[in-house]
Amino acid sequence: MTAILVPGGEALVGSDNGYPEERPRHRRTVEAFAIAATPVTVAQFAEFVSSTGHVTTAEIPPDPAHYPDADPALLVAGSLVFSPPPGPVPLDDFRRWWSYLPGTSWRCPAGPGSMAVDDHPVVHVSHGDATAYATWAGAVLPTETQWEYAARAGTESEFAWGEELTPGGTRLANTWHGDFPWDDTDPDGHLRTSPVGSYPANAWGLYDMIGNVWEWTDTVATPSHAGGGEAPRSCCAPGGRGPVSKVIKGGSHLCSPDYCQRYRPSARQFEESDSSTSHLGFRCVTTVDGGR
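Within each chain, residue numbers correspond to sequence positions counted from 1 in written order. Two thresholds apply to this predicted model, a pLDDT of at least 70 for residue-level local features and 80 or more for giving and counting side-chain atom pairs, whereas whole-chain, interface and lining totals are computed over all residues. To get the side-chain values, take all heavy atoms of the structure and skip hydrogens and water.

### Some thoughts on the pairing of strand E8 (residues 245-249)
Along any regular strand, the residues point their side chains to alternate faces of the sheet. Burial status follows relative accessibility: with a 1.4 Å probe on protein chains alone, a residue under 20% of its type maximum counts as buried, one over 50% as exposed, and anything between as partly exposed. Segments assigned H or I by DSSP are reported as helices when at least four residues long, segments assigned E as strands when at least two residues long, and all are numbered from the N terminus. Counting buried residues along E8, 4 of its 5 residues qualify, which places the element largely inside the surrounding structure. Note: strand E7 (residues 214-220) against E8, 3 bridges, orientation antiparallel. Residue pairing for E8: Glu215 is matched across the bridge by Lys249. Being paired, for any two strands, means DSSP has found at least two bridges between them.

### Side note on the sheet that holds strand E11 (residues 285-287)
As summarised here, the arrangement of the 3 strands in space is E1-E4-E11, forming an open sheet in which the pairing is antiparallel. Each edge of the open sheet is held by one strand with a lone partner, namely strand E1 (3-6) and E11. Taking each pair of neighbouring strands and ignoring which way they run, the sheet shows an average axis angle of 25°. Where E1 lies against strand E4 (residues 33-36), 4 bridges are found, and the strand directions are antiparallel. Each bridged residue has a counterpart across the sheet, and for Val6 the counterpart in E4 is Phe33. Here, two residues are considered to be in contact whenever any of their heavy atoms come within 4.5 Å of each other. Axes here refer to lines fitted to C-alpha atoms; in helices the fit is confined to the stretch in contact. Angles between the N-to-C directions go from 0 to 180 degrees. Strand contacts of helix H3 (residues 144-152): E1, E4 and E11, with the helix running at about 75° to E4, the strand carrying the most contacts.

### Here we look at helix H1 (residues 42-52)
Looking only at H1, the buried set comprises Val42, Phe45, Phe48 and Val49. Angular distribution of buried residues about the axis of H1 spans 120°; they occupy a single face of the element. Residues of H1 that are exposed and point more than 90 degrees away from the buried face comprise Glu47, Ser50 and Ser51. Contacts made by the buried residues of H1 are with helix H2 (127-136). In the stretch just after H1, Gly53 is the one whose phi turns positive, near 75°. Our arc is simply the arc of the directions from the helix axis toward the C-beta atoms.

### What about the environment of Glu31?
Tracing the chain through its elements places Glu31 in the loop between strand E3 (26-30) and E4. When the C-alpha positions of Glu31 and Leu74 are compared, they lie 47 Å apart, and in sequence the two are 43 residues distant.

### Points about the packing of aromatic side chains
Pairing of aromatic side chains here covers Phe, Tyr and the six-membered ring of Trp, requires ring centres within 6.5 Å, and sorts the geometry by plane angle: under 30 degrees stacked, over 60 edge-to-face, intermediate tilted. Considering all chains together, one arrives at 17 aromatic pairs under this definition. Judged by centre distance (5.4 Å) and plane angle (85°), the rings of Trp97 and Tyr259 are edge-to-face. Remark: Tyr259 occurs in the loop between E8 and strand E9 (268-272) and Trp97 occurs in the loop between strand E5 (78-82) and strand E6 (98-102); sequence separation between them is 162 residues. One aromatic cluster in this structure is built from Phe45, Phe48, Trp106, Tyr133, Trp136 and Phe282. Whether a charge sits over a ring comes down to the Lys NZ or Arg CZ being within 6 Å of the ring centre and within 35 degrees of the ring normal. Positioned over the ring face of Tyr19 is Arg262, at 3.6 Å from the centre of the ring.

### Focus on H3
In an α-helix there are 3.6 residues to a turn, and that puts residues three or four apart on one side. In terms of burial, H3 is a largely internal element, 9 of the 9 residues being buried. Every buried residue of H3 is listed here: Glu144, Thr145, Gln146, Trp147, Glu148, Tyr149, Ala150, Ala151 and Arg152.

### Side note on the nonpolar core
Counting residues in hydrophobic clusters, the biggest one holds 49 residues, and the most contacted among them are Phe33, Ile35, Phe45, Val122 and Phe282. When residues of this core are traced back to their parent elements, those giving at least two are strand E2 (9-13), E4, H1, E5, H2, H3 and E7. Throughout this description, the term nonpolar core refers to a set of buried Ala, Val, Leu, Ile, Met, Phe, Trp, Tyr and Cys residues connected via side-chain atoms within 4.5 Å.

### Section: the sheet that holds E7
A sheet is described by the order of its strands in space; here 4 strands give the open sequence E9-E8-E7-E10, paired in mixed fashion. Looking at the sheet topology across the chains shown, the edges are occupied by E9 and strand E10 (280-281).

### Structural notes on unusual backbone geometry
Residue Pro24 is bonded to the preceding Arg23 through a cis peptide linkage, with omega at -10°. Relative to the helices and strands, Pro24 is located in the loop between E2 and E3. With omega at 0°, the peptide bond leading from Phe180 into Pro181 counts as cis. Tracing the backbone shows Pro181 in the loop between H3 and E7.

### As for the packing of H1 against H2
One can describe the packing of H1 onto H2 by two numbers: an axis separation of 11 Å at closest approach and a directional angle of 80°. On the basis of the axis angle, H1 is roughly perpendicular to H2. Two secondary-structure elements touch here, H1 through Gln44, Phe45, Glu47, Phe48, Ser51 and Thr52 and H2 through Asp129, Ala132, Tyr133 and Trp136. Classification convention: Asp, Glu, Lys, Arg as charged; Ala, Val, Leu, Ile, Met, Phe, Trp, Tyr, Cys, Pro as nonpolar; all other residues, Gly among them, as polar. When grouped by side-chain class, the residues that make up the contact of H1 with H2 number 5 nonpolar, 3 polar and 2 charged. Roughly parallel covers angles under 35 degrees, roughly antiparallel covers those over 145, roughly perpendicular covers 65 to 115, and oblique covers all other angles.

### Here's the deal with the pattern of salt bridges
Pairing between side chains of opposite charge can happen when their charged atoms approach one another. For this analysis, a salt bridge means a side-chain nitrogen from Lys or Arg found within 4 Å of a carboxyl oxygen belonging to Asp or Glu. In this structure the tally under the stated criterion is 17 salt bridges. As a salt-bridge pair, Glu21 and Arg262 come within 2.8 Å of each other at their nearest N and O atoms. Linking Glu21 in the loop between E2 and E3 with Arg262 in the loop between E8 and E9, this pair joins segments that are 241 residues apart in sequence. Judged by its relative accessible area of 6%, Glu21 is buried. A residue is classified by how much of its surface remains accessible, and Arg262, at 6% relative accessible area, is buried.

Following this line, the structure appears as structure tokens:
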């Protein structure tokens, strides 16, 4: 795992101009840490599984105790996959483009018969799966503050690279192009995830901090940075099987100007810790001189 040293400093966190959960904009002190230059790839995760025998949440049937009213025949191992509809649909119900597909996992991210690609970010991993990998690698998952500080790379701009999403028409992240959720016209040919590092790094040498896949953090979800209450459900996918929600950061290849404009460092969403989806991965951090 190539890691980038992030200097300690004052982190700008949140935004007063974004979605309600991003408020209020404020500053926090961050100690130095090192963070992986890219999200964990399929090849890296495969090495972990080979070494440990780890079985991911998506490969284990849901516990019937968590779903007392469900048909036991439906409680089978699988995960959530983006399944675009054939044409335009109202954008008020994400169930129109998300499906729970039995047999889906990090090995076959688009469903049974598909095959994961080594240099793409691993997906269909729960928070527990990501934590297990981090422990094996001698690392931890980043806090929300660490992640956002690293994504901003010492700037206070709207995006990880400046104030425009596509400065001069240049694409700097794998995000949705076309009419969401049915017409993906990505000019780079990445209809879902892209190989890590396909787009330029930020000023600190970190790739894919915006777009491609959402990334787990180790921060418990709150409805805003002011805390209090219950965090709202994700805009991007149905929830999972766990009682605790964690903050996820960075947006994904499904973020779109006409639906989910969360391809910004300040953006935050929430995912149940046992959930797994086709657009959610992670990266790790390590401590520096005892800092976290």
